[in-house]
Amino acid sequence: MGNWTTKIAVVVFVLAWVGAAYVYLQSMRIIDRQYVPVSRNLPSITDPQRLKEGERLATLFGCAEACHGDRMQGAVMYEHPLNGRLVAPNLTRAVRDRTLPELEAVVRQGIRPDGTSVFGMSSSSYAVMTDEDLGAILAYIKAFPIQPERQGESDFGLLSRWRLVSGALPIEAGNQVHQPWRNTFRSNETRLGEYLTLLSCTDCHGPDLDGMPKIAPSLDRINDYDENELIDLLQRGMAPGERPIASKEAMASERFS
């Protein structure tokens, strides 16, 4: 009986080791895969009004006061022995270390300067952002005082690698479904609303706004709100009846207020 138990334990160990090795090697193929960005130039912005608009947009779309920290100094978003480490980089350094085309490729195409994909940042949501808006955001960040913090690099744990191999963790460089919009829609309220929704809502509620499990519900629920209730939800994080929603409270205070 003891010999059989030992043999079974050895077989299980070998299978687990082989499985882990397979996941690691396949995930490295995905992580190291090379992509070639479309070369796009952005306007170099110095106008004070556009810089002020860049500050507003950087807050609205989550560059400042959110994932990257209150001073855009970078932040460790989570750290777990099996999932690894997800780091939002120091943006005040990144805009000084990279060219505008390199920054554009990261933000709108999900491609790093070394040709690999970004992970953990929804570049597919930002793909529609106009040249003017992205240029204003980057100009504002570049004018912001450089912050000294260095957060280190993101790292993939075994579970994150499995999610990559199984397709559950999106490869942003291969997930582009939009092209940048031309800045000709501002006077059309519906088109402006579509633009803001694509940039601000799809990251949590999914590309089709039908929700993401354990993250955010389908936006079909918006039909249950009148205009004032929706404004309260976005700007204060309050559902009807003054019912606070924790995740929305944080996002409202950081971005949408």
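This report concerns the structure included in the present document. (Residues numbered from 1 in each chain as written. Predicted model: local features only at pLDDT ≥ 70, side-chain atom pairs only at ≥ 80, totals over all residues. Heavy atoms only, no water.)

1. What to know about a nonpolar patch on the surface
Okay, so step 1: Together, Val10, Phe13, Val14, Trp17 and Val18 line one region of the surface with nonpolar side chains, adding up to about 540 Å² of accessible area.
Okay, so step 2: Within the element layout of this structure, Val14 appears in helix 1 (residues 2–32).
Okay, so step 3: Taking relative accessible area as the criterion, Val14 reaches 40% and is therefore assigned partly exposed. (Patch = residues over 30% accessible without salt bridge, like charges linked within 9 Å, V, L, I, M, F, W, Y side chains within 5 Å. Areas by Shrake-Rupley, 256 points an atom, 1.4 Å probe, with all protein chains shown as cover. Salt bridge = Lys/Arg side-chain N within 4 Å of Asp/Glu carboxyl O. Helix = DSSP H or I, 4+ residues; strand = E, 2+ residues; numbered from the N terminus. Buried < 20%, exposed > 50% of the residue type's maximum accessible area, 1.4 Å probe, protein only.)

2. Re the pairing of strand 1 (residues 75–80)
Okay, so step 1: Relative to strand 2 (residues 84–88), strand 1 is paired through five bridges, and the arrangement is antiparallel. In the strand pairing of strand 2, His80 is matched with Gly84.
Okay, so step 2: Remark: three residues form the turn of the hairpin made by strand 1 and strand 2, two consecutive strands paired antiparallel. (Pairing = 2+ DSSP bridges.)

3. Some thoughts on the pattern of salt bridges
Okay, so step 1: Applying the stated rule across the entire model yields 13 salt bridges.
Okay, so step 2: A salt bridge links Arg40 to Glu104, with the nearest nitrogen and oxygen atoms 2.9 Å apart. Of the two residues, Arg40 is situated in the loop between helix 1 and helix 2 (48–60) and Glu104 in helix 4 (residues 100–109); the sequence distance between them amounts to 64 residues. In this pair, the class of Arg40 matches that of Glu104, namely buried.
Okay, so step 3: Salt bridges linked by common partners bring Arg40, Glu104, Arg108 and Asp131 together as one network.

4. What about the side chain of Ser122?
Okay, so step 1: In this fold, Ser122 is placed in the loop between helix 4 and helix 5 (123–126).
Okay, so step 2: Under the relative-accessibility criterion, Ser122 is labelled buried at 11%.
Okay, so step 3: Side-chain polar atoms of Ser122 contact the side chain of Ser125, separated by 2.7 Å.
Okay, so step 4: Those residues in contact with Ser122 that sit more than four places away from it in its chain are Glu172 and Asp203. (Polar contact = N/O pair within 3.5 Å; in protein donor to acceptor, adjacent residues only side chain to side chain. Contact = heavy atoms within 4.5 Å.)

5. Comments concerning helix 2
Okay, so step 1: The end-to-end C-alpha separation of helix 2 is 18 Å, in line with the 18 Å expected for 13 residues at 1.5 Å each.
Okay, so step 2: Listed as buried for helix 2 are Gly54, Leu57, Ala58 and Leu60. The buried residues of helix 2 occupy one face: seen down the axis, they fall within an arc of 155°. Among the exposed residues of helix 2, those pointing more than 90 degrees away from its buried face are Pro48, Gln49 and Lys52.
Okay, so step 3: The opening residue of helix 2, the one whose side-chain oxygen lies 3.2 Å from the backbone nitrogen of Gln49, is Asp47. (Expected span 1.5 Å × (residues − 1). Arc of directions from axis to C-beta.)

6. Side note on unusual backbone geometry
Okay, so step 1: One non-glycine residue, Met72, lies in positive phi territory at about 60°.
Okay, so step 2: Summarising the element assignment, Met72 is placed in the loop between helix 2 and strand 1.
Okay, so step 3: By relative accessible area, Met72 is classed as buried at 1%.
Okay, so step 4: A positive phi angle, close to 65°, is found at Leu209, a residue other than glycine.
Okay, so step 5: Along the chain, the position of Leu209 falls in the loop between helix 9 (202–205) and helix 10 (227–236).

7. Considerations on the environment of Glu65
Okay, so step 1: Residue placement: Glu65 occurs in the loop between helix 2 and strand 1.
Okay, so step 2: Glu65 sits 148 residues away from Pro213 along the chain, and the two C-alpha atoms are 25 Å apart.
Okay, so step 3: In this view, Glu65 contacts Asp70 and Glu254; residues no more than four positions away in its chain are not counted.

8. A closer look at the packing of aromatic side chains
Okay, so step 1: For the structure shown, the criterion picks out five aromatic pairs.
Okay, so step 2: Residues Tyr140 and Phe144 carry aromatic rings whose centres are separated by 6.0 Å and whose planes lie at 65° to one another, so their mutual orientation is edge-to-face.
Okay, so step 3: Through a chain of ring-to-ring contacts, the aromatic side chains of Trp181, Phe185 and Tyr195 assemble into a single cluster.
Okay, so step 4: Over the aromatic face of Trp181 sits the side chain of Arg191, whose NZ or CZ is 4.1 Å from the ring centroid. (Phe/Tyr/Trp six-rings, centres within 6.5 Å; stacked < 30°, edge-to-face > 60°. Lys NZ or Arg CZ within 6 Å of the ring centre and 35° of its normal.)

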